[in-house]
Amino acid sequence: MSNVTSFPDARKPSPREVKARSNVLVQAWRFAVLNLKMITIVTKGHH
């Protein structure tokens, strides 16, 4: 198994993306939306 430490072909995030990723409010919103999606999947599966 090779140990890759660099990804030259990977897309670099824009400054706006970096700012959004480090913003606590944006992360809290994304967390809430993800949890709501999971809740709907779980409740649909339990009939």
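What counts, and at which threshold
Residues numbered from 1 in each chain as written. Predicted model: local features only at pLDDT ≥ 70, side-chain atom pairs only at ≥ 80, totals over all residues. Heavy atoms only, no water. Helix = DSSP H or I, 4+ residues; strand = E, 2+ residues; numbered from the N terminus. Buried < 20%, exposed > 50% of the residue type's maximum accessible area, 1.4 Å probe, protein only. Areas by Shrake-Rupley, 256 points an atom, 1.4 Å probe, with all protein chains shown as cover. Expected span 1.5 Å × (residues − 1). Polar contact = N/O pair within 3.5 Å; in protein donor to acceptor, adjacent residues only side chain to side chain.

Undergrad: I keep staring at the overall build of the chain and nothing clicks. Help me out?
TA: Within the chain, the regular secondary structure consists of 2 helices and 0 strands. Of all 47 residues assigned to the chain, the portion counted as buried reaches 0%. Element-wise, carbon and sulfur atoms account for 65% of the exposed surface of the chain, whose accessible area totals about 5,000 Å².

Undergrad: How should helix H2 (residues 24-45) be read in this particular structure?
TA: Residues that lie three or four places apart on an α-helix share one face, since the helix turns once every 3.6 residues. Its 22 residues give H2 an end-to-end C-alpha distance of 32 Å, which sits within 8% of 32 Å, the value for a rise of 1.5 Å per residue. Little of H2 is tucked away, with 0 of its 22 residues classed as buried. The N-cap residue of H2 is Asn 23: its side-chain oxygen and the backbone nitrogen of Leu 25 are 2.9 Å apart.

Keep in mind that these numbers describe shape and distance, not what the molecule does.
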